[in-house]
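Descriptive structure summary
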Amino acid sequence: MKTQRLPLFQACAIAIAAALCSAPASAQTRAETMRFVTGGTVNTLDPTMLGTTREAFTVGMSTYDRLVSFGKKKQGDNWVFDLDKIRGELAERWVVSPDGLKITFTLRKDAKFQDGTPVTADDVKWSLDRAVTAKQLGAAQLLTGSMTSADQFKVIDPATIEVTLPKPDRLALPNLATVYPIIINSKVAKSHATPDDPWAQAWLKEHTAGSGAYSVESFKPGEQLVLKRNEAWNRSADGKPAAFKRVIAQTIPEAATRANLVERGDADLAIDLQANDAASLATKGKVKVISTPQYNAVSFISFNTQMKPFDNVKVRQAIAYALPYDDMFKAALFGRGKPLFNATWKDGPPSADFPIAQPVKLDLAKAKALLAEAGMPNGFETTFSFNLGQANVAEPMAALIKESLAKIGIKVDIQKLPDAQMSTLINEKKAPFFTENIVAWLPSNDYFYRNFYTGNQRWNYSSLNDPKLVEIAEKARFEADPAKYAAYAKQLNAMAFELMPQIPIWQASQDAVMVPSLDGYVYQFHRQVDFRDVARK
Amino acid sequence: MSLLATTLRRTGRRFVSSLPALFGVLVFTFLLMRVLPGDPAVFFANGGSSGKEEIEMVRKQMGLDKPVPEQLLLYLRDVGTGKLGRSLTTGQQVTADIQQRLPASLELTFSALLIALLAAVPLGIWAALKAGSFIDHAVRLFCVVGVCVPTFVSGLLLVYVFYYMLGIAPDPTGRLDVFTSAPPHVTGFLLIDFALVGDGAGWWAAFKQLMLPAFTMALFVLAPIARITRASMLAALGSDFVRTARSIGLPAWRIVVTYALRNAVLPVLTILGIVFSTMLGANVLVEKVFSWPGVASYALDALLASDYAPVQGFVLLMASIFVLVNLVVDILYSISDPRISIE
């Protein structure tokens with residue numbers, strides 16, 4: 001047989017082509033890399049660690065898989081996560097038993113950890129056991145899905161695991177899609193466990209042992225983290241690997257610098273800019289600004305219902321009619337978000353959602369009348385506290401509140417507190433009147449009420465103690481019939497308005513500012529970017 | 001006694017006498033952090049569903065469940081064995097964090113000090129030579145502006161002009177462009193490390209990155225150095241020996257440099273020591289604006305989060321550096337004016 005020799009000119013052409021191709025290689029790495037800039041820092045590679053920052057959640061999402069993950073849906077022009085559309089991540093499929101007490105997961109056969117070993121049901125069991133028993137954040141979260149003990153997880157065969165629930169719980173499955181129940185390579189983790197640290201928490205803080213879309217290339221806490229794509233991973237929504245070869249997550253404390261970087265195209269994506277920077281970037285039109293009202297978060301003005309004079313519901317209602325909502329919305333948020341005021345309700349709350357727009361608006365005459373009814377026609381003195389970390393938004397808000405309440409005789413002293421101090425004050429229930437934000441990863445109506453309006457824990461900001469509300473919220477949790485659930489939810493919404501422990505004011509927008517070539521951004525439950533969602537067009 | 005021996009003896013004595021002060025700083029910071037309002041355990045147990053139990057867990061992890069005197073003893077024991085505790089903000093050992101971040105702060109401060117010296121000393125001399133003239137006033141105005149404008153304003157302004165508008169400066173984030181790989185760690189000073197491996201491109205990248213923050217810092221400390229130089233130069237120029245030198249017709253540059261400047265340099269050295277120590281701490285705004293991974297911004301973040309260990313570590317570090325700088329200034333003193341070391 002004759003070997004065909006490559007003609008000289010063809011060889012030359014190939015050589016030249018190769019030379020040409022190698023020239024833009026460095027530019028190509030830039031295109032295949034996403035540079036994400038954020039104000040906060042990643043402080044651990046194990047998202048379940050106590051004290052985990054929000055930025056660390058997004059790393060956990062990329063480096064580990066969970067059994068399931070959330071789908072996405074359109075909200076206006078934007079994509080947001082969908083609580084009701086769960087899809088498999090490590091689980092290929094799952095079956096819920098007719099009584100709702102057993103969920104049986106079948107694992108994907110091709111799933112491998114980053115060290116090449118297959119993901120087995122034993123790994124899943126070890127990881128879920130860790131999530132409910134080790135001293136970390138997962139236990140409290142999974143409790144909201146009725147998963148509290150290692151006995152509830154059973155290995156059926158190497159590819160099948162069964163989760164047993166004491167009661168059918170609508171939030172059991174969604175809970176497995178949150179950032180805590182990560183599936184860890186149990187053999188690797190166990191080899192780094194010690195008698196004092198059976199769950200390898202110390203080691204996993206600085207190392208990862210997952211099956212996720214990315215592995216950690218380098219990690220400098222407080223500076224930057226570089227992620228490298230796991231080529232074997234194919235669990236994105238369309239069954240492909242993640243789009244970017246590398247992701248650099250960089251901490252840049254100065255918001256103005258982050259805005260400049262994205263505007264000049266040196267960084268690809270930022271989500272936590274100041275509202276005014278985002279507004280001006282949007283009008284300049286050089287970058288893409290995706291503004292999504294945070295539909296699982298609410299900003300509140302809260303009272304301490306156990307403290308005088310706010311133990312009187314009339315006082316709370318009086319203030320609700322004395323807040324300059326429109327001005328606050330403009331001054332604090334530049335109108336970027338979804339207002340939760342100025343609504344009209346005909347007979348009761350119009351929706352079973354949470355939060356819904358409240359039928360309150362600025363009405364000083366009504367406020368004065370309510371204050372007189374409360375027995376305080378001449379008003380009183382109080383302090384309004386907020387977190388320094390939120391000063392951008394809270395400072396103009398506080399000034400407007402002070403001005404407006406002065407008109408009905410309430411003298412407000414504004415108290416700005418560093419974050420740690422504010423958390424302490426709230427935890428000790430010592431702040432009478434303040435503003436805060438709440439976020440629910442699983443934004444179903446009863447979840448909000450159970451977590452933020454009941455109990456003696458920190459998240460019950462208003463210290464509300466209403467047995468009837470507790471009872472309905474608990475019933476709603478296990479209600480399988482959607483119509484009955486909606487009825488309970490509406491009842492809860494009505495009660496929250498009557499009792500007025502807090503005044504929901506708005507859902508601030510999350511502004512994701514990115515270079516125009518970036519695509520696929522989804523607003524996620526943890527209010528961070530899931531790097532697996534985004535790609536360059 | 002020889003000059004060297006005297007200097008060494010003085011240095012040793014000064015060092016030993018500063019140890020009680022360091023110990024005092026250690027205990028004082030420890031107690032101060034604990035009386036500050038704000039409970040770190042509550043702050044760090046911030047997960048979506050953390051309750052009392054999580055808060056207690058963090059408290060135990062940080063050792064805050066023990067009585068304060070016991071905590072202090074444990075802390076002193078740790079410091080004695082070279083441990084400064086773990087930071088919850090970064091999740092690292094404080095000693096590791098400081099080791100990693102101190103070179104960044106020092107490199108920035110030294111560069112800024114060098115720039116400030118190169119600019120301020122000639123300016124001061126010039127102003128002194130032309131005392132009362134237009135130039136004198138212009139120098140004064142320049143210095144006043146430098147000291148009046150807060151560093152974060154001048155920093156952001158420099159960023160705006162040189163990065164955002166002109167595009168000459170690299171993006172103002174950290175010590176090195178994210179796409180440049182760092183040199184092997186030898187001293188932690190990027191300029192030195194790059195030079196050691198002979199990586200010109202890397203050196204240039206690090207140098208460019210350093211310029212804006214260093215200039216911002218230098219602007220801030222220009223004033224004290226220039227003013228002191230001017231004042232002590234004026235005093236020296238008006239003294240008898242300069243008059244004598246002039247009268248015997250020595251060249252002007254020789255009078256200014258050898259006779260006046262050598263004598264005027266002592267107060268400048270004193271102020272340099274102080275300026276250096278304050279700069280290292282006052283870097284915080286510059287470090288924030290330029291995302292410079294230094295110790296000052298690290299300590300500020302920790303303070304806001306009531307993260308005890310890093311703040312305590314930082315204060316101890318600053319106190320030690322202060323002691324060290326004073327020693328160095330002392331040595332420089334005796335070199336520049338041997339009379340001082342005579343006891």
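Everything quoted here is computed from the prediction, not taken from an experiment.

Criteria and thresholds
Residues numbered from 1 in each chain as written. Chains lettered and ligands numbered in written order. Predicted model: local features only at pLDDT ≥ 70, side-chain atom pairs only at ≥ 80, totals over all residues. Heavy atoms only, no water. Helix = DSSP H or I, 4+ residues; strand = E, 2+ residues; numbered from the N terminus. Buried < 20%, exposed > 50% of the residue type's maximum accessible area, 1.4 Å probe, protein only. Contact = heavy atoms within 4.5 Å. Areas by Shrake-Rupley, 256 points an atom, 1.4 Å probe, with all protein chains shown as cover. Lys, Arg positive; Asp, Glu negative; His and termini not counted. Charge placed at Lys NZ, Arg CZ, Asp CG, Glu CD. Domains from an automatic or database assignment. Buried area = accessible area lost by both parts, 1.4 Å probe. Salt bridge = Lys/Arg side-chain N within 4 Å of Asp/Glu carboxyl O. Core = buried A, V, L, I, M, F, W, Y, C linked by side-chain atoms within 4.5 Å. pLDDT = per-residue confidence, 0-100. Pairing = 2+ DSSP bridges. UniProt positions renumbered as here; feature names shortened; annotations may be inferred. Phe/Tyr/Trp six-rings, centres within 6.5 Å; stacked < 30°, edge-to-face > 60°. Polar contact = N/O pair within 3.5 Å; in protein donor to acceptor, adjacent residues only side chain to side chain. Nonpolar A, V, L, I, M, F, W, Y, C, P; charged D, E, K, R; others polar.

**Quick notes on the overall build of chain B**
Within chain B, the secondary structure is distributed over 14 helices and 0 strands. When its C-alpha atoms are laid out on the principal axes, chain B stretches across 85 × 55 × 40 Å. For chain B, the residues scored as buried account for 50% of the 343 residues in total. Sequence-distant contacts in chain B: of pairs separated by 6 or more residues, those separated by 24 or more amount to 73%. Taken as a whole, chain B presents about 16200 Å² of accessible surface, with 72% of it coming from carbon and sulfur. Distance from the positive charge centre (25 side chains) to the negative charge centre (21 side chains) of chain B: 12 Å.

**Remarks on the domain arrangement of chain A**
Size of an interface: often given as the accessible area lost when the parts come together. Residues and elements named next belong to chain A. The domain architecture assigned to chain A consists of domain 1 (29-64 + 212-287 + 515-536), domain 2 (66-71 + 80-186) and domain 3 (297-509). Of note, the centres of domain 1 and domain 2, computed from C-alpha atoms alone, are 26 Å apart. On the domain 2 side, the residues contacting the 25 residues of domain 1 number 23 residues. Buried surface at the junction of domain 1 and domain 2, both sides included, amounts to about 2000 Å², of which 58% is carbon and sulfur. Here E89 makes a salt bridge to R532, at a shortest N to O gap of 3.4 Å.

**A short note on the nonpolar core**
Counting 110 residues, the largest nonpolar core has A:L67, A:F105, A:M147, A:Y521 and A:F531 as its most contacted members. Looking at which element gives the most residues to this core, the answer is helix α18 (residues 482-499) of chain A, with 6 residues. Filtering out sequence-adjacent residues up to four positions away, A:M147 remains in contact with A:V132, A:L142, A:Q152, A:F153, A:V163, A:L165, A:A172, A:N175 and A:L176. Core analysis: the second largest hydrophobic core is formed by 91 residues, B:A112, B:I125, B:L210 and B:L212 among them.

**Overview of the confidence of the model for chain A**
All names here are of chain A. Looking at chain A as a whole, its pLDDT mean stands at 88, while 95% of the residues score no less than 70. Confidence over residues 1-9 falls short of pLDDT 50; this stretch has 2 contacts with residues more than four positions distant or in other chains. Here residues 11-27 is modelled with pLDDT under 50, and outside its nearest four sequence neighbours on either side it reaches 2 contacts, counting other chains as well.

**Points about the confidence of the model for chain B**
Taken as a whole, chain B shows an average pLDDT of 83; of its residues, 96% reach a score of 70 or greater. Taken over the whole predicted complex, pTM reads 0.83, whereas the ipTM for its chain interfaces reads 0.76.

**Observations regarding the sheet that holds strand β2 (residues 68-75) of chain A**
Strand order in the open sheet formed by 3 strands is β2-β3-β20 (chain A), with mixed pairing between adjacent strands. Edge positions in the sheet fall to β2 and β20 (522-523) of chain A, since each has one partner strand and no second.

**As for the pattern of salt bridges**
Residues and elements named next belong to chain A. The tally for this structure, following the rule as stated, stands at 33 salt bridges over all chains. Residue K187 is joined to D123 by a salt bridge in which the shortest nitrogen-to-oxygen separation is 3.4 Å. Here D123 lies in helix α4 (residues 121-133) and K187 lies in helix α7 (residues 186-191), a separation of 64 residues in the sequence. Assessed through its relative accessible area of 44%, K187 is described here as partly exposed. Salt bridges sharing partners connect three or more residues here, namely R66, E89, D530 and R532.

**Description of the UniProt feature "domain: Solute-binding protein family" (unreviewed entry) in chain A**
When the UniProt feature table is mapped to this numbering, "domain: Solute-binding protein family" (unreviewed entry) covers residues 85-457 of chain A. Taken end to end, residues 85-457 of chain A comprises 31% helix and 23% strand; its first and last C-alpha atoms sit 31 Å apart.

**Examining the packing of aromatic side chains**
All names here are of chain A. One pass over the structure, following the stated rule, counts 35 aromatic pairs over all chains. Between F434 and Y461 the ring centres are 6.2 Å apart and the planes differ by 65°, which places this aromatic pair in the edge-to-face class. Here F434 is found in strand β17 (residues 433-439), whereas its partner Y461 is found in the loop between α16 (445-452) and α17 (467-477), with 27 residues between them in sequence. Residue F434 is classed as buried on the basis of its relative accessible area, which comes to 1%. Residue Y461 is classed as buried on the basis of its relative accessible area of 6%. Consider the rings of F448 and F452, whose centres lie 6.0 Å apart with planes at 40°: the pair is tilted. Residue F448 and its partner F452 are located together in helix α16, separated by 4 residues, close to a single helical turn.

**What about the interface of chain B and chain A?**
Every contact between the two is made by 43 residues of chain B and, on the other side, 46 residues of chain A. Both sides of the chain B and chain A interface together cover about 4000 Å² of buried area, and 56% of this is carbon and sulfur. It is B:Y164, B:V178 and B:F179 in chain B that bury the most area against chain A; as a group they hold 16% of the surface buried on that side. At the boundary of chain B with chain A, the tally comes to 2 salt bridges. Across the salt bridge formed by A:E206 and B:R86, the nearest N and O atoms sit 3.9 Å from each other. If you look at where chain B meets chain A, you find 9 residue pairs in polar contact (both at pLDDT 80 or more). Class assignment for the residues of the side of chain B that touches chain A results in 20 nonpolar, 16 polar and 7 charged.

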